[in-house]
Structures are given as structure tokens and as C-alpha cells.
Amino acid sequence: MNLADTIAAVATPPGDGAVAMVRVSGRRARAIAAATFRPSAGKPLQPRRFTHGFVVDAATGTVVDEVVAAWLPAPRTYTREPTLEVTCHGGRAATAAVLQAILRAGARLAEPGEFTLRAFLNGRIDLAQAEAVRDAVSAPSADAVAMAVAQANGSLSRVIREVREPLADLEARLEGSLDFADDGVPELDRGTARAVLEAAATRVDALLATAGPGRVRRHGLRVVLAGMTNAGKSTLFNALLGSDRAITSDEAGTTRDAIEEILPVGAAAIVLVDTAGWRPPGEMPVGEAERLSGARTDASIPLADVVVHVVDGTAPHHATAGRERIAALAPGGAMLEVWTRADLHRGLHAGNQVAPGDQFRVSAITGEGIQALRSSLHARAVAGSRGAGSGSGGELLTNARHVDALRRAREAIDRAMAVVAGAMPDDLLAADLRAAVAACSEVTGETIGDDVLGRVFRTFCIGK
């Protein structure tokens, strides 16, 4: 992409609505405003004021839509570039017509995330803040929104700087002692180095300990419904959601693919996954499609935070085989067991081998047990998104890229501490300190390659 271009995009979701907003950013934004916007009262656009008027085709003067426009001079804008924001009618045709008029006047369509990329490249935000902007857009819960907004305002970046700066200072002092040893610059005190490294290791460990809760807070608790065919998984899925999202039938093997839906529970969220059922032991899948759907079910179980083993309450002899399969696929994973059709089968199978409190009896017909199960999952979602480690400043790691960078920083700190403990040469210590500082800097984007930037911003929507 050419960052000297003036870009434009619809910044609101596609579809029909009351209003939509088209955003324009770049050095030609003012000229495009002059060519396409006609104020209704004849007064020109004023900085940071809404002005009523009309978008017109620059070539013909034809009115395209009635709008409200705002002119935002640089640098006090989202991108730090001259910006025009046009609020028009929200229908698909009206929005497209306004965008096309602006593009014909000299803008080009923005790439995904290009507005936020420009904000990053122009120094308004760092990379961790940019990623938090994306997370705020896609957040599945109020908790996730609050966390993303805090990180977009620099909460995580401040913690990373607190880790990085003492290491960078130590590196600078060490480099000075190496470069100017002949000028009488004293050698770095190893005791001081050890103290700085141990403090950094403690902070990084505290941050890394939050990766699990952070993932749950950002994405929601992943709950996979698994069990034999016709056990009632899809019916339970619909009952938990409160809507007929999945097709249900008395015919075994109705579900062929994993179906995901967000189940809001208070300020948290659950990603509920319905899966294809397994055939009972001794029965082979019927056809290639069923074999593939069973393989997808198997692949989804290790990715779950909680597996809900759904057992047909009228066929309790299938319970053991299902438990064993889940345990083999996700050893040590969290599992709840739900026995369906409680209105038809009142007793639970003796010797169920499930921990007390982890087994539920439900009926989609009477509603028995549904709220109790939903409450249990809610409690797990809330508990799973808490637990920031001490010394982390209450911040949670929510991004796999950040986790990877901090793990590499921690490894470099370990190597540096080994150098200090072993009285090895200072140039080895300097190399490890550089690696630790660079890894921390990757989180906020001070040291980052174009390939990483491309991967990050491709995950954004157009218009953000």
C-alpha cells in the first residue's frame, strides 16, 4: 500500500441501518471535501464541528445523499492525518453511493486496518494499542470490551515498558563499559545486574501467568459439547442458547460439523460448540462425511476449556466409552457430564466416575437442569477470566503474539542470569540483554518486521 495516498472506507458495519459513516484520511482529504460536500447553509466546514449538507458527484454536481460532515485537521485525529468523516443514510445503496463519490474525487479504498496502521506509523499509538483496537471491535463480552479499551489506552504498554526499561538501561551501561573500557569507564557490577535481571524475571513470569485468563477474557470460555450420536447435544445446545440454532432430529448423526455460538453470561462470554456425535463402540461411521465429522469433533476437544460430555440418560451404558475417549483426547482437561432426557430417565447410572458437582441431569422438554448447567458454565467463565499474577499490575496477556515475545524475553533473561552466575564474559551478557529488550519491544512495536505488521493488520476490518 502507498501510505501517501488519501484513503476512504465505510467505518460502520455493512447492512441497512439508520446511519453509516464514511471516513477519509490523508493529505487530499480537504480537497476531496471541497469537491464532494455542499453545505446546506452555504457555510464552509469548520474544524471539529458537524455541518449539515449534501454529498455530490464531483463530475456532474448530482446530489448523492443528505449528510452531516465533520472536518478534523491534523494532527488531532485518529491517524494524525487530515480527516473527513461523513455520516450518511445507513442503507447499503446510499452508503455505497457516498463512498463511490469520494473515491471518484481522488481517494482510494483503504486496506483492512489501514487507518489504525497509519495511527501506529505516525506515532499516535503503539502496536499493542493497535491490536487492542481490533480486540475491542470483536470483543464477545463486556469484560472483553473493558479490557481491550484499557489496553488501547496503554495499560499493557506501560507494564511492558516497566519491564523493558531497566533491562535497556542495564544494556546501555554494559555497552558503555565495553566500548570505553580504555577511557576508564568502570565495569558493570554483577550484583546490580543480578538484581535487575531477577526483578525483570519476576515481572515477566507474573505476566505470562495471566495468558490463560487473558485468552478466556478476550475470546470467551470455550465449551465443547461431545458425546455419542443422538445423545441430545444439539438439543442441549439450543436450550442453553435459548434459540433453535442447530437442527435436531431423532435420526442419529444429524450434526455434521462443529457449530459455534457466543453465549453471553453477565459480563463474561462462553463460546458454545456443538459437535458431531461418535458412533457407539463397535459401530462404524456411516459414510465418509460422518467419518470426517467425527475427526473434527476429536480435533475440537483438546482446544476446549471445558468439555461437556453429553450422555443419553436412556442409554447409560455409553457413558464409560465417551469418558474414556474424552480423557484420551484431552488428558487432565476439565469435563462436565450431562445426562439428557431426565423426563424419561430419573436415575443416574451407579459408578458414574464423575466428581460431585460435575454431573447434571437435564431435560429440554421440562427445562430441568438447564439453568443449573448454565450457571455452572457462567461461574467457570468468570473464574477462568480472572487471576492476573502478582506484580503484573492487574494486566492480562490476551494475545498469542505477546505471549510468544515475552517467553523469548524470559529465555534471554535466563541466559543472562546464567552468564552473571557463571562469571562469563560481559559480551555474552550484552547479547542476552539485547535479545530480552528486543523481545519486549516486539510487543509494543519498537522492533518489528514488515511481515509481522502485515499479519497483524490483515486481521482488522476495512474502515478501522
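Preceding this section is the structure that the text describes.
Calculation criteria
- Residues numbered from 1 in each chain as written.
- Predicted model: local features only at pLDDT ≥ 70, side-chain atom pairs only at ≥ 80, totals over all residues.
- Heavy atoms only, no water.
- Phe/Tyr/Trp six-rings, centres within 6.5 Å; stacked < 30°, edge-to-face > 60°.
- Lys NZ or Arg CZ within 6 Å of the ring centre and 35° of its normal.
- Buried < 20%, exposed > 50% of the residue type's maximum accessible area, 1.4 Å probe, protein only.
- Helix = DSSP H or I, 4+ residues; strand = E, 2+ residues; numbered from the N terminus.
- Pairing = 2+ DSSP bridges.
- Expected span 1.5 Å × (residues − 1).
- Polar contact = N/O pair within 3.5 Å; in protein donor to acceptor, adjacent residues only side chain to side chain.
- Core = buried A, V, L, I, M, F, W, Y, C linked by side-chain atoms within 4.5 Å.
- Contact = heavy atoms within 4.5 Å.
- Axes fitted to C-alpha atoms, helices over the stretch in contact; angles between N-to-C directions.

## Comments concerning the packing of aromatic side chains
So, step 1. With the rule as written, the count across this model stands at 1 aromatic pair.
So, step 2. We note R30 situated over the ring of W71; from NZ or CZ to the ring centre the distance is 5.0 Å.

## A closer look at the pairing of strand β12 (residues 334–340)
A regular strand places its side chains so that they alternate between the two faces of the sheet.
So, step 1. Burial runs high along β12: 6 of the 7 residues are buried.
So, step 2. Here strand β11 (residues 306–312) pairs with β12 via 7 bridges, running parallel. When the bridges of β12 are listed, V306 appears paired with A334.
So, step 3. Pairing of β12 with strand β13 (residues 359–361) involves 3 bridges; the strand directions are parallel. Bridge pairing in β13 places E337 opposite Q359.

## Examining helix α7 (residues 190–208)
So, step 1. Between the first and last C-alpha of α7 there are 26 Å, a value that for 19 residues agrees with the 27 Å anticipated at 1.5 Å per step.
So, step 2. For α7, the full list of buried residues reads A193, V196, L197, A200, A201, V204, A206, L207 and L208.
So, step 3. The residue sitting at the N-terminus of α7 and contributing the capping side-chain oxygen is D189; that oxygen lies 3.2 Å from the backbone nitrogen of G191.

## Here we look at the nonpolar core
So, step 1. Residues L167, L197, L207, L406, I413 and L429 are the most contacted members of the largest nonpolar core, which totals 36 residues.
So, step 2. In terms of residue count, the dominant contributor to this core is helix α13 (residues 400–421) (9 residues).
So, step 3. Core analysis: the next-biggest nonpolar cluster, separate from the first, contains 26 residues, V216, L225, A231 and L336 among them.

## Section: the side chain of K233
So, step 1. Relative to the elements of secondary structure, K233 occurs in helix α9 (residues 233–241).
So, step 2. The contact partners of K233, leaving out residues within four places of it in the chain, are L225, A226, G227, M228, D274, T275, A276, G277 and V310.

## Looking at the sheet that holds strand β5 (residues 63–72)
So, step 1. Taken together, the 7 strands give an open sheet; going across it, the order is β3-β4-β5-β6-β2-β1-β7, and neighbouring strands pair in mixed fashion. Edge positions in the sheet fall to β3 (37–39) and β7 (108–109), since each of these pairs with one other strand and no more.
So, step 2. Direction of pairing for β3 relative to strand β4 (residues 50–56): antiparallel, over a ladder of 3 bridges. Directly across from P39, in β4, lies its bridge partner G53.
So, step 3. Contacts between helix α3 (residues 114–121) and the sheet are confined to β1 (7–10), β2 (19–25) and β7, with β1 contributing the most and set at about 135° to the helix.

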